[in-house]
Amino acid sequence: MSVTAPQGFTSAGIAVGLKSTGKPDLALVVNDGPEPASAVVFTSNRAQANPILWSRKVAQNGPARAIILNSGGANCFTGDFGYETTRLTAEAVAAAIGDADAEQILVCSTGLIGTGDQAFRDKIVSNVPSLAAALAADDTTAPAAILTTDSVEKTAVHVGEGWTIGAMAKGAGMLAPGLATMLVVITTDALLDGDALDRALRRATGASFDRLDSDGCMSTNDQVTLLASGASGVVPDADAFADALAAVCDSLAAQLQADAEGASHDIDIEVRGAASEADAVEVGRSVARNNLFKAAIFGNDPNWGRVLAAIGTTEAAFDPYQVDVSFNGVRLCHAGGPDRPVEECDLTPRRTHVEIDLFSGDHTATIRTNDLTHDYVHENSAYSS
């Protein structure tokens, strides 16, 4: 179980023909708890899909009762017809689960931008009753139904003192931060109100999904949703809950990084000695988005010069001639110059750790990214086919 590990939730995933593979492509998570509450974080991309436009309104109306997610089509840039599809989907879910209004139903879509014709609408809306009929408290089918180019399901569970957090996520490409990245559904049976959930969620996403920058491409459909049922009756310590939620999000972010399209290296860029956390994030992101650096890692080349060139483009406070750079524990650059021979560094393992010390303060941050590979280019060149 994932999203149904906490009390008060049911979920289901079925195949409705959106994917040409015949694999599951429609998922539903329902909050049946006595004290429902919710919080949502959306993409900051100005180009937003119809489900995002709809869900933003739902999030402002109060606690969400359910969330439906489809893969196999983004329903983005499909005009008024696409927005109407989203509305009809929410209405169908509300009718199927009962005791709910359409304005309480969050909608998420993922897939190819521009996809969302009449056939797309019919396959979703007409199959909502079957999806609702499959809802179960011990469901294991929902995580697979939200995958697109993913090769594995991403789930996480945390068991607290009388309360639980469960989660599922999808994402393998277009992984770049903007408050959130990818589609994520998180559930908890803790007794918390919407404001408390919102604070905890924004803290967690800011230190996890917002620091996953696999390919520098921000999606139009990104949404991270946190639903609370209150079914445990337990009000957790605020810090304990926030720490647990952060750990769940961090686990999902690591799973997303490990499944990034075509990647052969998972790269953690740790920036230390920064004057501020913002500086550390800016420096780490400048390296994560540098194609020369990413190509070098693909070639197992610990090219520290490309790291210095990348961080020199930032406005962070540091002296580039005092910076140290290490790859996988081997310091190759000291005080802006050569240190150990590059032959002493082995980059053949998939996990790659790059440490940058700015010697400008006490702050640190880690940005997750991946290398730039032939497979990534090939997969994305052929995606629409």
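The rules we used
Residues numbered from 1 in each chain as written. Predicted model: local features only at pLDDT ≥ 70, side-chain atom pairs only at ≥ 80, totals over all residues. Heavy atoms only, no water. Pairing = 2+ DSSP bridges. Helix = DSSP H or I, 4+ residues; strand = E, 2+ residues; numbered from the N terminus. Contact = heavy atoms within 4.5 Å. Axes fitted to C-alpha atoms, helices over the stretch in contact; angles between N-to-C directions. Salt bridge = Lys/Arg side-chain N within 4 Å of Asp/Glu carboxyl O. Buried < 20%, exposed > 50% of the residue type's maximum accessible area, 1.4 Å probe, protein only. Phe/Tyr/Trp six-rings, centres within 6.5 Å; stacked < 30°, edge-to-face > 60°. Lys NZ or Arg CZ within 6 Å of the ring centre and 35° of its normal. Core = buried A, V, L, I, M, F, W, Y, C linked by side-chain atoms within 4.5 Å. Disulfide = S-S within 2.5 Å. Parallel < 35°, antiparallel > 145°, perpendicular 65-115°, else oblique. Left-handed = near helix turned anticlockwise from the far one by under 90°. Nonpolar A, V, L, I, M, F, W, Y, C, P; charged D, E, K, R; others polar.

A. Quick peek at the sheet that holds strand β12 (residues 330–334). One open sheet accounts for 6 strands, arranged β13-β12-β11-β14-β10-β15; its pairing is mixed. A strand with exactly one partner marks an edge of an open sheet, and here the two such strands are β13 (337–338) and β15 (363–370). In this structure, strand β11 (residues 324–327) lies alongside β12, joined through 3 bridges in antiparallel fashion. In the strand pairing of β12, F327 is matched with V330. Against the sheet, helix α8 (residues 277–288) touches β10 (266–274), β14 (351–357) and β15, its axis set at about 20° to β15.

B. Broad picture of the pattern of salt bridges. Under the criterion given, the structure shown has 17 salt bridges. For D32, the salt bridge is made with R65, and the minimal N-O distance between the two is 3.7 Å. Within this pair, whereas D32 is found in the loop between β2 (26–31) and β3 (37–42), its partner R65 is found in the loop between α1 (50–61) and β4 (66–71), the two being separated by 33 residues in sequence. Judged by its relative accessible area of 45%, D32 is partly exposed. Overall, the relative accessible area of 12% leaves R65 in the buried class. Ionic pairing is found between D266 and R350, a salt bridge with its closest N-O pair at 3.0 Å. Of this pair, D266 sits in strand β10 while R350 sits in the loop between β13 and β14, placing them 84 residues apart in sequence. Look at the salt bridges and you will find they share partners, linking E84, R87 and E91 into a network.

C. Here's a closer look at the sheet that holds β3. Overall, mixed pairing links the 5 strands, which are arranged β3-β9-β8-β7-β6 in an open sheet. The sheet is open, and its two borders are formed by β3 and β6 (154–159), each paired with just one other strand. Looking at each pair of strands side by side, their axes are set apart by 10° on average, direction ignored. In terms of strand pairing, strand β8 (residues 183–188) meets strand β9 (residues 223–228) through 6 bridges, oriented parallel. Residue pairing across strands places I186 opposite L226, the latter belonging to β9. Sitting on the sheet, α1 touches β3 and β9, and the angle it makes with β3 is about 140°. Strands in contact with helix α6 (residues 194–206) are β3, β8 and β9; relative to β3, the strand with the most contacts, it is inclined by about 35°.

D. Focus on unusual backbone geometry. In this structure, F77 is a non-glycine residue whose phi angle is positive, near 60°. For F77, a relative accessible area of 61% puts it in the exposed group. Even without being glycine, N328 reaches a positive phi, approximately 50°. N328 sits in the partly exposed class, given a relative accessible area of 27%.

E. Looking closely at the pairing of β11. The side-chain alternation of β11 yields two buried faces, one formed by D324 and S326 and the other by V325 and F327. Pairing of β11 with β14 involves 4 bridges; the strand directions are antiparallel. Its bridge partner being in β14, S326 is matched across the sheet by E355.

F. Summary view of the packing of aromatic side chains. A complete count under the given rule lists 2 aromatic pairs for this structure. Summarising the aromatic geometry, the rings of W163 and F241 are spaced 5.5 Å apart at their centres and angled 55° between planes, so their arrangement reads as tilted. Remark: F241 occurs in helix α7 (residues 238–258) and W163 occurs in the loop between β6 and β7 (164–170); sequence separation between them is 78 residues. Of the two residues, W163 and F241, neither departs from the other in class, the shared state being buried. Taking NZ or CZ as reference, R121 lies 3.8 Å from the ring centre of F81, over its face.

G. Summary view of the nonpolar core. Formed by 45 residues in total, the largest nonpolar core has its most connected members in L28, I68, L69 and I105. Each residue touching L69, except ones within four places of it in the same chain, is listed here: D25, L26, A27, C108, I146, M168, L183 and V185. L226, A242, L245 and L252 belong to the second-largest nonpolar core, a separate cluster that totals 32 residues.

H. A look at the state of the cysteines. Using the criterion set out here, one finds 0 disulfides in the structure. C249 takes part in no disulfide bond, and the closest cysteine sulfur, belonging to C108, lies 15 Å away. The class of C249 is buried, set by a relative accessible area of 0%.

I. Geometry of the packing of α8 against helix α10 (residues 304–311). Between α8 and α10, the shortest axis-to-axis distance is 8 Å and the interhelical angle comes to 125°. Between α8 and α10, the angle falls in the class oblique. Relative to α10, α8 is oriented so that their crossing is right-handed. Taking contact as the criterion, the partners of V283, S286 and V287 in α8 are, on α10, V307, A310 and I311. Of the residues belonging to the contact of α8 with α10, the class tally is 5 nonpolar, 1 polar and no charged.

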